[in-house]
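Next come the chains, spelled out residue by residue.
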Amino acid sequence: MKNILIILILVLGATGVSAQKKTITTFILVRHAEKLKDGTNDPDLSPQGIERANRLAEMLKEIQVDAIYSTNFKRTKNTVLPFAEFKGLEIKSYEALKTEDIERMLQKHKGGTILISGHSNTTPWVANLLTGTEKYTDFDDSDYGNVLIVTVVEKGILAQVTCIRY
């Protein structure tokens, strides 16, 4: 866990130097944690998912985050809820796969750090949108441990991605 935190701090700190006085915005993209298989369209987190959400909060606790966004589902909101409570931040909703919402976040929080909780298909989609590439594919449905840290000056300009697991 400490190694992941060190990587996060180095990535977030080093991006300011690499852009040479450009305003860097950092997106921390996570897929929701493990969900209950209750047959509904809006399941909550399973016990394993609650544990993972707490690990995420612990991993990020030293990081300054300016805003937290989640799709409007229990599993995505509850994945970032422990961190939001720890930091005293509100979880704001965004619409998945809506380019305008991501662009609005980039402008509103320019120079800041944004945590976004999404899904197996929307998390890679946001990374692709921000980097102007098609490099990132949907996560396997059983894979909940990816974190994509995207640093970007403008959509598709001076964008870097660091992939870690938690």
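Now for a description of the structure that goes with this document. (Residues numbered from 1 in each chain as written. Predicted model: local features only at pLDDT ≥ 70, side-chain atom pairs only at ≥ 80, totals over all residues. Heavy atoms only, no water.)

On the secondary structure map, Asp 101 appears in helix 4 (residues 99–108). By relative accessible area, which is 11% here, Asp 101 ends up buried. Ignoring anything within four residues of it in the chain, the contact list for Asp 101 reads Tyr 94 and Glu 95. (Helix = DSSP H or I, 4+ residues; strand = E, 2+ residues; numbered from the N terminus. Buried < 20%, exposed > 50% of the residue type's maximum accessible area, 1.4 Å probe, protein only. Contact = heavy atoms within 4.5 Å.)

The next subject is the sheet that holds strand 3 (residues 91–93). The sheet built from six strands is open, its strands ordered 3-2-4-1-5-6 with mixed pairing. Two strands close off the open sheet at either side, each with one partner strand: strand 3 and strand 6 (160–165). If you compare each strand with its neighbour and ignore which way they point, the axes differ by 25 degrees on average. With six bridges joining them, strand 1 (residues 25–31) and strand 4 (residues 113–118) adopt parallel strand pairing. By the bridge assignment, Leu 29 is partnered in strand 4 with Ile 116. Most of the contacts of helix 5 (residues 122–131) go to strand 5 (residues 146–152), to which it runs at about 20 degrees, and overall it touches strand 1, strand 4, strand 5 and strand 6. (Pairing = 2+ DSSP bridges. Axes fitted to C-alpha atoms, helices over the stretch in contact; angles between N-to-C directions.)

Following the criterion strictly, the structure yields zero aromatic pairs and no others. Taking NZ or CZ as reference, Arg 52 lies 5.3 Å from the ring centre of Tyr 166, over its face. (Phe/Tyr/Trp six-rings, centres within 6.5 Å; stacked < 30°, edge-to-face > 60°. Lys NZ or Arg CZ within 6 Å of the ring centre and 35° of its normal.)

Another aspect to go through is the side chain of Thr 131. Looking at the secondary structure, you find Thr 131 in helix 5. Within the local environment of Thr 131, its side chain forms a polar contact with the backbone oxygen of Ala 127, the two atoms lying 2.8 Å apart. Reaching out from Thr 131, the side chain makes a polar contact with the side chain of Thr 133 at a distance of 2.8 Å. Excluding anything up to four places from it in sequence, Thr 131 contacts Val 150, Gly 156, Ala 159 and Val 161. (Polar contact = N/O pair within 3.5 Å; in protein donor to acceptor, adjacent residues only side chain to side chain.)

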